[in-house]
Amino acid sequence: NKGGDFAEIAQNGRIALERMSRELRQAEEIVSTLSQNQSSPSGEIQFLDGHDLLTLNYIRYYIAAAALHREVAYYSLTEAPTVHAHYQDLNPDGSPAAKTVTEDEIIAEYITAFQLWESPTRLVNISISLTRDGTANTFTTALYGRNLH
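Since the structure is predicted, the reported quantities are computational estimates derived from the model, not experimental observations.

A word on the pattern of salt bridges
Applying the stated rule across the entire model yields eleven salt bridges. For Arg 19, the salt bridge identified is with Glu 105, shortest N-O distance 3.3 Å. Of this pair, Arg 19 sits in helix H1 (residues 2-26) while Glu 105 sits in strand S6 (residues 98-109), and the two are 86 residues apart along the sequence. When its relative accessible area of 23% is taken as the criterion, Arg 19 is described as partly exposed.

Quick word on the sheet that holds strand S9 (residues 135-143)
Taken together, three strands build an open sheet; the order of strands is S7-S8-S9 and the sheet is antiparallel. The two strands at the open ends of the sheet, each matched to only one other strand, are strand S7 (111-118) and S9. Within the sheet, the average angular offset between the axes of one strand and its neighbour, ignoring direction, is 10°. Set on the sheet, H1 makes contact with S7, strand S8 (124-132) and S9; between it and S9 the angle comes to about 15°.

Things to note about the pairing of S8
Counting buried positions along S8 gives seven out of nine residues, so the element sits mostly inside the fold. Here S7 pairs with S8 via seven bridges, running antiparallel. Within the sheet, the bridge partner assigned to Ala 113 lies in S8 and is Ser 129. The hairpin turn running from S7 into S8, its antiparallel successor, is five residues long, and Arg 122 in that turn takes a positive phi close to 75°.

Re the environment of Gln 88
By the secondary structure assignment, Gln 88 is in the loop between strand S5 (80-85) and S6. A polar contact of 3.4 Å, which involves the side chain of Gln 88, links it to the side chain of Tyr 87.

Description of H1
Taking 1.5 Å as the rise per residue, H1 with 25 residues should run 36 Å; its terminal C-alpha atoms sit 36 Å apart, in good agreement. Considered for burial, the residues of H1 that qualify are Asp 5, Ile 9, Asn 12, Gly 13, Ala 16, Leu 17, Met 20, Ser 21, Glu 23 and Leu 24.

Procedures and definitions
Residues numbered from 1 in each chain as written. Predicted model: local features only at pLDDT ≥ 70, side-chain atom pairs only at ≥ 80, totals over all residues. Heavy atoms only, no water. Salt bridge = Lys/Arg side-chain N within 4 Å of Asp/Glu carboxyl O. Helix = DSSP H or I, 4+ residues; strand = E, 2+ residues; numbered from the N terminus. Buried < 20%, exposed > 50% of the residue type's maximum accessible area, 1.4 Å probe, protein only. Pairing = 2+ DSSP bridges. Axes fitted to C-alpha atoms, helices over the stretch in contact; angles between N-to-C directions. Contact = heavy atoms within 4.5 Å. Polar contact = N/O pair within 3.5 Å; in protein donor to acceptor, adjacent residues only side chain to side chain. Expected span 1.5 Å × (residues − 1).

Any functional reading would require information that these geometric values do not contain.
And the structure:
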């Protein structure tokens, strides 16, 4: 059923872009180094959740097994493993903060490509391609983070 396949991939793409766009607009800091070039885009993004700055939670979007995942994690230092730290904080011995994943959920299925790149003006471009039973569609958006430093 081509109509059903198109409706399903359209819904998956729309939901994924809406959620990711909303969270990225609120982000305080993009942790990932995004490609500056559309011809060699990045395949994942991690950023500091701007919704609740006191918790220092990080959100990562990535692809695994044709699904777009949303991972929530925090970083901590050895002497205080339950206290959330900045991702660049170092332990006294110089080792990096440990990452603890608290959530990992599938946001969208039938993903064939997930691409991100950043313009010199810090405009984040997102492209998601989906295919189901020969029916394909690509969704794109571009946004500026309101809180990015």
